[in-house]
Amino acid sequence: MAFELPQLPYAMDALAPYISRETLEFHHGKHHAAYVNKLNELIKGTADEGKSLDDIIKSAKGGLFNQAAQHWNHSFYWKSLAPMAGGEPKGKIADAIKKAFGGFDAFKQKFTQEATGHFGSGWAWLVQAADGSLAVESTHDADTPLAHGKHAIITCDVWEHAYYIDYRNARPKYVEAFWNLVNWEFANQNLK
Ligand code: MN3
């Protein structure tokens, strides 16, 4: 069974004006699709064919790791966003953020700094460690918390292809817009 590009969980224009239809058409339809296609090419006829994506990520190195992790990261990113979402978190994620960071504003500031300050391509994450504690971190290129024994709660893609069409080089404007799209319901589902 080859891996498949997941459908976006909303319409291509549903995240506008924060993320445009054109960005989603390229980001999902070209970038994410290319990672899935290259992943399938790399595993075809090898011992990795038929393994789960998580298992490939945990054992692979180099090019295969990059394609597999980028497929995982993008699939997770689409679900981290939602139309008419964002704002202050509700439910158990709100309590967990308050406990870990002192409050939503302090968390938002820390995550924004991580996302805007990350040098080059990568991802900003809210993660949960094995002991249940929450942390904000960023990973380079395709790297992903799963490869480090951490559990992802929410992510923001900070590769230029995530924002260049809408915001050109202004990553801070994209990260500011991200706060209008954060899917706290998904975060609550992920929290252990
Ligand atoms: Mn991307």
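Not measured: the values here are computed from a predicted model. (Residues numbered from 1 in each chain as written. Predicted model: local features only at pLDDT ≥ 70, side-chain atom pairs only at ≥ 80, totals over all residues. Heavy atoms only, no water.)

Novice: When you look at helix α7 (residues 171-178) in this model, what are you seeing that I'm missing?
Specialist: Structural remark: α-helix, 3.6 residues per turn; residues separated by three or four positions point the same way. Listed as buried for α7 are R171, Y174, V175, A177 and F178. When α7 is viewed along its axis, its buried side chains cluster within an angular range of 160° and face the same direction. In α7, the exposed positions that point more than 90 degrees away from the buried face belong to P172, K173 and E176. In this structure, the buried residues of α7 make contact with α3 (62-80), α5 (104-117), β3 (151-157) and α6 (164-167). (Buried < 20%, exposed > 50% of the residue type's maximum accessible area, 1.4 Å probe, protein only. Helix = DSSP H or I, 4+ residues; strand = E, 2+ residues; numbered from the N terminus. Arc of directions from axis to C-beta. Contact = heavy atoms within 4.5 Å.)

Novice: Would you mind showing me how to read the nonpolar core here?
Specialist: As a rule of thumb, soluble globular proteins bury nonpolar side chains together. Counting residues in each nonpolar core, the largest one holds 60 residues, and the members touching the most others are F107, F111 and L126. At eight residues, α3 tops the list of elements feeding residues into this core. Two domains each provide a minimum of three residues to this core, namely domain 1 (21-80) and domain 2 (92-190). The contacts of F111, once residues within four sequence positions are left out, are A124, W125, L126, V136, I154, C156, F178 and W179. (Core = buried A, V, L, I, M, F, W, Y, C linked by side-chain atoms within 4.5 Å. Domains from an automatic or database assignment.)

Novice: What exactly am I supposed to notice about the side chain of T139 here?
Specialist: Within the secondary structure, T139 is located in strand β2 (residues 134-140). For T139, the side chain forms a polar contact with the main-chain oxygen of D143, separated by 2.6 Å. The residues touching T139, leaving out its near neighbours within four places in the chain, are H118, S121, G122, W123, W125, T144 and P145. (Polar contact = N/O pair within 3.5 Å; in protein donor to acceptor, adjacent residues only side chain to side chain.)

Novice: It is not clear to me how the packing of aromatic side chains should be interpreted in this structure. Could you clarify?
Specialist: For any pair of aromatic rings, the description rests on two quantities: the centre-to-centre distance and the angle between the ring planes. A full pass over the atoms with the stated rule returns 19 aromatic pairs. Measuring from centroid to centroid gives 6.1 Å for W123 and W125, while their planes differ by 35°, and the two rings are tilted. Just as W123 is buried, W125 falls in that class too. Ring plane angle 25° and centroid distance 5.3 Å describe the contact between Y163 and Y174, whose orientation is recorded as stacked. (Phe/Tyr/Trp six-rings, centres within 6.5 Å; stacked < 30°, edge-to-face > 60°.)

Novice: When you look at the packing of helix α1 (residues 21-43) against α3 in this model, what are you seeing that I'm missing?
Specialist: The geometry of a pair of packed helices is captured by two quantities: the angle between their axes and the separation between those axes. Remark: α1 packs on α3, axes separated minimally by 9 Å, with the N-to-C direction vectors making an angle of 145°. Crossing angle aside, the handedness with which α1 passes α3 is left-handed. Between α1, through L24, H27, H28, H32, A34, Y35, V36, K38, L39, L42 and I43, and α3, the contact on the second element is made entirely by G63, L64, Q67, A68, Q70, H71, H74, S75, Y77 and W78. Looking at side-chain class alone, the contact of α1 with α3 contains 11 nonpolar, nine polar and one charged residues. (Axes fitted to C-alpha atoms, helices over the stretch in contact; angles between N-to-C directions. Left-handed = near helix turned anticlockwise from the far one by under 90°. Nonpolar A, V, L, I, M, F, W, Y, C, P; charged D, E, K, R; others polar.)

Novice: I'm lost on unusual backbone geometry in this one. Help?
Specialist: Put simply, A16 and P17 share a cis peptide bond, and its omega is 5°. Here P17 lies in the segment before α1. In this model, M84 sits at a positive phi of 50°, which is unusual for a non-glycine residue. Summarising the element assignment, M84 is placed in the loop between α3 and α4 (92-101). With a relative accessible area of 87%, M84 lands in the exposed category. Of note, the phi angle at D141 is positive, near 55°, even though the residue is not glycine. Of note, D141 is situated in the loop between β2 and β3.

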